[in-house]
Amino acid sequence: MAAPGGARAALCALLALAALAGHVAGEKNSEDVRCKCICPPYKDHAGQIFSKNVSQKDCDCLHVVEPMPVPGPDVEAYCLRCECKYEERSSETIKVTIIIYLSILGLLLLYMVYLTLIEPILKRRLFGHSQLIQSDDDVGDHQPFANAHDVLARSRSRANMLNKVEYAQQRWKRQVQEQRKSVFDRHVVLS
């Protein structure tokens, strides 16, 4: 079957992308660290958010808020109202997470394509073939090739397996319907 090979190829591609992302992540990107100061309204100045790439020790109002919206004597009072936080993120972790998410989504889409397009074709081929086998068995065994009988027997066993799976699925659906019906009947009786 081609699905396990495709899954292996997708897994290898995912690992290669993760390794590549790991090599690129040697040094922190300038967008990965920042100091963010949220300053509320002060006198006639509206509230603002300031963000700047500075070190953690310089993460305060005096180093981040530029240009200072208030004149000299009000700077200290303005800065006391500001809340500054040092933020750090790993963009490589974000990239790897997105790659994994998209890979899983791609695999699910491939599986959906398989279920909607390829599986019905295979079912038609197998069930059509098994019907031919049954009609040949009714007439009699007049196989010109000895090897062809083995091939037909193998396809019959595959068709039987599919029939068993479908029968089990239908039986399970009936059981679920019966359980739902009994739950609703009990609900009506208790009401």
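All values derive from a computational prediction rather than experimental measurement.

Undergrad: What exactly am I supposed to notice about the UniProt feature "transmembrane region" (unreviewed entry) in the protein here?
TA: UniProt records the feature "transmembrane region" (unreviewed entry) for residues 98-117 in the present numbering. Between the C-alpha atoms that bound residues 98-117 there is a distance of 28 Å. The span itself is 100% helix and 0% strand.

Undergrad: When you look at the nonpolar core in this model, what are you seeing that I'm missing?
TA: Among soluble globular proteins, nonpolar side chains are generally buried collectively. Counting residues in hydrophobic clusters, the biggest one holds 15 residues, and the most contacted among them are Cys35, Cys37, Cys39, Phe50, Val64, Val65 and Tyr78. Counting only elements with at least two residues in this core, the list comes to strand E1 (33-39), helix H2 (61-64) and helix H3 (75-81). In this view, Cys37 contacts Gln48, Ile49, Phe50, Asp60, Cys61, Val64, Val65, Glu83 and Cys84; residues no more than four positions away in its chain are not counted.

Undergrad: Would you explain the sheet that holds strand E3 (residues 83-88) in this entry?
TA: As a general point, the strands of a sheet are linked pairwise by backbone hydrogen bonds and lie either parallel or antiparallel. In space, the 3 strands of this open sheet follow the order E2-E1-E3, with antiparallel pairing throughout. What marks the edges here is a single partner per strand, and that holds for strand E2 (48-52) and E3. Recorded for the sheet is a direction-independent mean angle of 20 degrees between the axes of neighbouring strands. Sheet topology places E1 next to E3; 6 bridges connect them, and they run antiparallel. Within the sheet, the bridge partner assigned to Arg34 lies in E3 and is Glu87.

Undergrad: Just checking my understanding: could you explain the packing of aromatic side chains for this structure?
TA: The geometry of an aromatic ring pair is captured by the separation of the ring centres together with the interplanar angle, meaning the angle of the planes. For the coordinates displayed, the defined rule picks out 2 aromatic pairs. Measuring from ring centre to ring centre gives 5.8 Å for Tyr42 and Tyr78, while their planes differ by 70 degrees; the resulting arrangement is edge-to-face. On the criterion of sequence distance, the pair formed by Tyr42 in the loop between E1 and E2 and Tyr78 in helix H3 is long-range, its members being 36 residues apart. The residues Tyr42 and Tyr78 share a single accessibility class, namely buried.

Calculation criteria
Residues numbered from 1 in each chain as written. Predicted model: local features only at pLDDT ≥ 70, side-chain atom pairs only at ≥ 80, totals over all residues. Heavy atoms only, no water. UniProt positions renumbered as here; feature names shortened; annotations may be inferred. Helix = DSSP H or I, 4+ residues; strand = E, 2+ residues; numbered from the N terminus. Core = buried A, V, L, I, M, F, W, Y, C linked by side-chain atoms within 4.5 Å. Buried < 20%, exposed > 50% of the residue type's maximum accessible area, 1.4 Å probe, protein only. Contact = heavy atoms within 4.5 Å. Pairing = 2+ DSSP bridges. Axes fitted to C-alpha atoms, helices over the stretch in contact; angles between N-to-C directions. Phe/Tyr/Trp six-rings, centres within 6.5 Å; stacked < 30°, edge-to-face > 60°.

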